Amino acid sequence: MSAAPREAAGPLLSVSGLSKHYGGVRAIDELAFSLPRGAVLGIIGPNGAGKSTLIGLLGGALRASAGTIQFDGADVTREPAAERARLGIGRTYQIPRPFLELSVRENLLAGQYALQPLIARRQAIAASDAILERCGLADVADLPARALPLLRRKRLELARALALRPRLLLLDEVGAGLVDSEVGELITLIQALAGELEGLIIIEHVLRVVRECCAQLMVVNFGRKLAEGATHEVLASEQVAAVYLGTAHAGAVTGAAAPAAGTLGGLVAAGPEPAVANAAPLLELRGLHAGYGLARVLNGVNLTVHAGQAVAILGTNGAGKSTLAGVISGLIRPSAGELRIDGVDRTGTAPHLIARLGFAQCMEGRRIFAPLSVEENLLLAAGRVGRSERQQRLDQVYQLFPVLRERRTQGGTSMSGGQQQMLAIARALMSRPRLIVFDEISLGLAPLVMDQLYAALAALRAAGLTLLIVEQDVQRALDLADEVHVMEHGRIALSGTAAQVRENPVLRHLYIGTAD
Amino acid sequence: MGPASISAAASAPPRAPPGFALSLALLIAFAALALLSGWAGDYVLELGFRLLVLMTLAEAWNLLAGYGGLVSLGTASFVGLGAYALVGAMNRGVPLALAWAAAGIAAALLALLVSRAVFRLRGLYFTVGTLALAEALRLFMVNYQPFGGAIGLFLSPDAPSLRGLFLLALGLFAVATLLMQLATDSRYSILLRAVRDDEDAAAQIGVRPFRIKLLAFVVASLLMGLAGALQGLKLGAVEPYGMFGLQWTVNVLAIVVIGGQGQRLAALIGALFVVSLGEVLAAYPALHLAITGVILILVIRFAPQGLAGWVVLLWRRLHHGSQR
């Protein structure tokens, strides 16, 4: 593939002086880099650094305010997205945007028919099915894309981009939310693609992917290039550790410590109450079964959460974690079993009534209200409380996530993926809940932000909030939780304190998989 | 991912009922009706003509709104233009066949002309834009004397007999059925629905949204123009309030929404239902409107896939009883 018959071997992609301004905000500021033919470039940076904006500029979804983009020697800066795609630039969306009413296979056929209107139908279908097989979607080819859960939609993003037969592929956080064994599969796939395509640009927070797939790495911060070079050198640099990697990886002390528990006390409904020996548990699930149509997802889950506890639910994708979160929020009605809150049976209670009992959700995929501004998203969750109370809560969540204050008038979904995640958490806090269910909150966050987030969660727990954390990031979850449950095939397969579970070899086998 | 694919066969959705076959069956039934001249009195032909014209318009609108996501409130513009073009051309001595074709082409050209402007708008804005176009055109026709102003135009040559008109409408519906078959069960339909679901994402995989939408818009407008021309021919006189009136837009919208947007059978089922309802309640026009409104609300609330959605469901139950 890399045998380029074209004029000499200039870079495949060459970007200079690229800028994108939104009003006064410079999302991308005078960025310049080039991608040699056959290269794989990784791009990392804090949330909101402008990484997804860069993908949008390269793919043509966004129009550059200044600068030029040259692809294969031709200036494509002014070309619309469709023309760039036809030239061979494929991209994925960080938050998947499949064609919901089309079948999964049709999602791929669309690209093929657009490019080759006269291709034989059988050939197009065979090509699509081969890509679906490769991306692990062969079993759902005939289902409407709407039926796919978030992580499979992410796979569809990749599959759909591949159906274009791109020469240059731009991947925007395709590794987010995968457990280690799946990350291993993804790395194998990307490495294979690297040999087939003429160029790859990978935006990723999963550092294993960056380390194992990208020879070159560029760090972006505030829309500018902060560092560039060989991956291992860039990752080792102290500057990068300070803005991106944080304590867990480099041992550097980060300046942005989480607020003290005292300031967060106001965000939690009931402070640590004097323990009453026979008090009913805040949440209790007994023999819970649930599913979608004929698919049984939960098969008899028993779970008890006491006020003030931090409980983590771990498990592979498809183990039933998000369904469990859905049942607890009242969105999914269990087919059997009991859901008890404060000792009262609430099975089948509507979601808004469960919310009034002091339960809040931070749902997988963020679910920010797109037409509303950041502040409106927050106020909506506050419900009917007095003006001063509302303002007080706003101030408190803004203190937790200062960037939200800066962006308060902006559209909720116009922010970067990581900022939207912060908004989702802040929104859950606005109802002054007793318990929050966090479903995959670390998905798509820079390591440094994850550190801050988990510091915030620890502070919230100290302030008396009960936390139920559904998480892929085992290490962080174990560090925070008092009690850990590991789910497998819709059941809780292993329970214990964080220390017990950490030592248990079953966990390694169940969850970490065989990869390192 | 090998073992996971075992469930593929079981989870594959059953095929939808053959809309094309049903349309054909209906066409043949209508043709037989026309041939049984003794039995088919004027009332039946009259009703059949109205049904065929409305079904054609509904097919066209369903292509736009149901498959393309282009919810247009501009139906009346194309119907009206078609009617005026036919009457104008025939009055100048153009033979019927040519005048009819010219009417369709005029409507298609209007679509081409306004496409740049209306496609700049998306979603609700597109809808409002087409409504503005329709109203502007109606006001223009009311005030522009060379086209007869508020009085309109009278058709000088003799119109065909009712039976002739019915056969023309039958032919038109046959063309509409064929075009819809090409547009909805083809690779073009995949592109059109992809643009409907997410225009930006479609562009990112190389689909040119403007061209895809334009083709649907032009084809739908052509059909609307041809249908409007037939209506003008039948009336023998066209005036702006009737031919460019909002009731065309609203009727067609009601038919497709009740029938089921984006469902292949929407036009058939919706038109049969709405026209039958109109006949049953012919003596109570006010009640008719109110009941149609209530049914629209009920369908939107309880059957977003429309009556056709129910039929499809029923069909699947019958043919795949084992599914559940």
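Look above for the structure.
We now turn to the structure provided with this report. In this numbering scheme, every chain counts its residues from 1 along its sequence in written order. Key to labels: chains lettered from A, ligands numbered from 1, both in the order written. With pLDDT at 70 or above as the cut-off, local features in this predicted model cover only qualifying residues; side-chain atom pairs require 80 or more to be listed or tallied, and sums for whole chains, interfaces and linings still use all residues. Processing note: side-chain calculations cover all non-hydrogen atoms of the structure and skip hydrogens and water entirely.

1. Quick look at the overall build of chain B
Worth spelling out the cut-off: Segments assigned H or I by DSSP are reported as helices when at least four residues long, segments assigned E as strands when at least two residues long, and all are numbered from the N terminus. We call a residue buried when its accessible area falls under 20% of the maximum for its residue type, exposed when it is over 50%, and partly exposed in between, using a 1.4 Å probe and counting protein chains only. By definition, residues are in contact when any of their heavy atoms lie within 4.5 Å. All accessible-area figures derive from a Shrake-Rupley calculation using a 1.4 Å probe, and residue coverage is judged against the displayed protein chains alone.
Helices and strands together make up the secondary structure of chain B, namely 15 helices and two strands. Counting only residues that meet the buried cut, chain B has 51% of its 324 residues in that class. The contacts in chain B between residues at least 6 apart in sequence include a share of 80% that link residues at least 24 apart. About 14,800 Å² of surface is accessible on chain B, with carbon and sulfur atoms providing 70% of the total.

2. Some remarks on the side chain of S115 of chain B
The residue S115 of chain B is located in helix α5 (residues 96–118) in this model. In this structure S115 of chain B comes out as buried when scored by relative accessible area, which is 2%.

3. A look at the interface of chain B and chain A
Applied cut-off: Summed over both partners, the accessible area (1.4 Å probe) lost when two parts come together is defined as the buried area. Definition used for salt bridges: Asp or Glu carboxyl oxygen within 4 Å of a side-chain nitrogen of Lys or Arg. Residues are grouped as follows: nonpolar covers Ala, Val, Leu, Ile, Met, Phe, Trp, Tyr, Cys and Pro; charged covers Asp, Glu, Lys and Arg; every other residue, Gly included, is treated as polar.
Residue-level contacts link 28 residues of chain B with 38 residues of chain A. Interface of chain B and chain A: buried area, both sides summed, is about 2,700 Å²; carbon and sulfur atoms make up 59% of it. For the salt bridge of D198 of chain B with R97 of chain A, the shortest nitrogen-to-oxygen distance reads 2.7 Å. Among the elements of the structure, α1 (8–11), α8 (187–197) and α9 (199–204) of chain B are those that each provide at least two residues to the side of chain B that touches chain A. Class assignment of the residues belonging to the side of chain B that touches chain A gives a composition of 14 nonpolar, six polar and eight charged.

4. Points about the sheet that holds strand β7 (residues 168–172) of chain A
Residues and elements named next belong to chain A. What counts is decided by this rule: Any two strands with at least two DSSP bridges between them are considered paired. Angles shown run from 0 to 180 degrees and are taken between the N-to-C directions of axes, each axis being a line fitted to C-alpha atoms and, for helices, limited to the stretch in contact.
Here six strands make up an open sheet; going across it, the order is β6-β7-β8-β3-β9-β10 and the pairing mixed. In this open sheet, the two strands that pair with only one neighbour each are β6 (89–91) and β10 (224–230). Here the strands of the sheet are splayed against their neighbours by 15 degrees on average, with no regard to which way each runs. As paired strands, strand β3 (residues 39–44) and strand β8 (residues 199–203) are joined by five bridges and run parallel to one another. Note on β8: the bridge partner recorded for A39 is G199. Its contacts with the sheet place helix α1 (residues 51–59) against β3, β6, β7, β8 and β9 (216–221), and it is angled at close to 155 degrees to β7. The sheet strands contacting helix α6 (residues 180–196) are β3, β7 and β8, and the helix crosses β8 at an angle near 150 degrees.

5. What about the pattern of salt bridges?
All names here are of chain A. One pass over the structure, following the stated rule, counts 36 salt bridges over all chains. Between R286 and E338 there is a salt bridge, and its shortest N-O distance comes to 3.8 Å. Of the two residues, R286 sits in strand β11 (residues 283–292) while E338 sits in strand β14 (residues 336–341), which places them 52 residues apart along the sequence. E338 is paired through a salt bridge with R340; the nearest N and O atoms lie 2.5 Å apart.

6. Some words on the packing of aromatic side chains
The relation between two aromatic rings is expressed through the spacing of the ring centres and the mutual angle of the planes. Heads up, the rule is: Pairing of aromatic rings covers Phe, Tyr and Trp, the last counted by its six-membered ring, and requires centre-to-centre distances within 6.5 Å; plane angles under 30 degrees mean stacked, over 60 mean edge-to-face, and any other angle means tilted. For a ring to carry a charge above it, either NZ of a lysine or CZ of an arginine must fall within 6 Å of the ring centroid while also lying within 35 degrees of the normal to the ring plane.
Counted according to the given criterion, the structure contains eight aromatic pairs over all chains. The interplanar angle of 50 degrees and the centroid separation of 5.5 Å between the aromatic rings of F119 of chain B and F217 of chain B together place this pair among those described as tilted. Residue F119 of chain B is found in the loop between α5 and α6 (124–143), and its partner F217 of chain B is found in helix α10 (residues 209–235); the two are separated by 98 residues along the sequence. Here the two residues F119 of chain B and F217 of chain B agree in accessibility, since each one is buried. In this structure an aromatic cluster arises from ring pairing among F78, F119, F126, F210 and F217 of chain B. Directly above the aromatic system of Y93 of chain A lies the positively charged group of R91 of chain A, at a separation of 4.0 Å from the ring centroid. Of note, R116 of chain B hangs over the ring of F210 of chain B, and the distance from its end group to the ring centre comes to 4.7 Å.

7. Topic: a nonpolar patch on the surface
As a reminder, the rule being used: What goes into a patch is any residue over 30% in relative accessible area without a salt bridge, connected to like charges within 9 Å or, for nonpolar side chains (Val, Leu, Ile, Met, Phe, Trp, Tyr), within 5 Å.
There is a patch of nonpolar side chains on the surface, built from L121, L124, Y125 and V128 of chain B and spanning about 450 Å² of accessible area. Among the structural elements, L124 of chain B can be located in helix α6.

8. A word on helix α3 (residues 104–115) of chain A
Summarising burial for α3 of chain A: 11 of the 12 residues are buried, a large majority. By the burial criterion, the buried members of α3 of chain A are V104, R105, E106, N107, L108, L109, A110, G111, Q112, Y113 and A114 of chain A. Contact partners of the buried residues in α3 of chain A: α2 (81–87), α4 (121–134) and α5 (150–163) of chain A together with α8 of chain B.

9. Some points on the environment of V240 of chain A
Residues and elements named next belong to chain A. Assignment of secondary structure puts V240 in helix α9 (residues 238–245). Judged by its relative accessible area of 0%, V240 falls in the buried class. Counting along the chain gives 194 residues from V240 to P46, while the straight-line C-alpha distance between them is 9.9 Å.

10. Describing the pairing of β9 of chain A
Residues and elements named next belong to chain A. With respect to burial, β9 is a largely interior element, five of its six residues being buried. Direction of pairing for β3 relative to β9: parallel, over a ladder of four bridges. Residue pairing in the sheet places I43 in a bridge with M218 of β9. Where β9 lies against β10, six bridges are found, and the strand directions are antiparallel. Bridge pairing in β10 places Q216 opposite A230.

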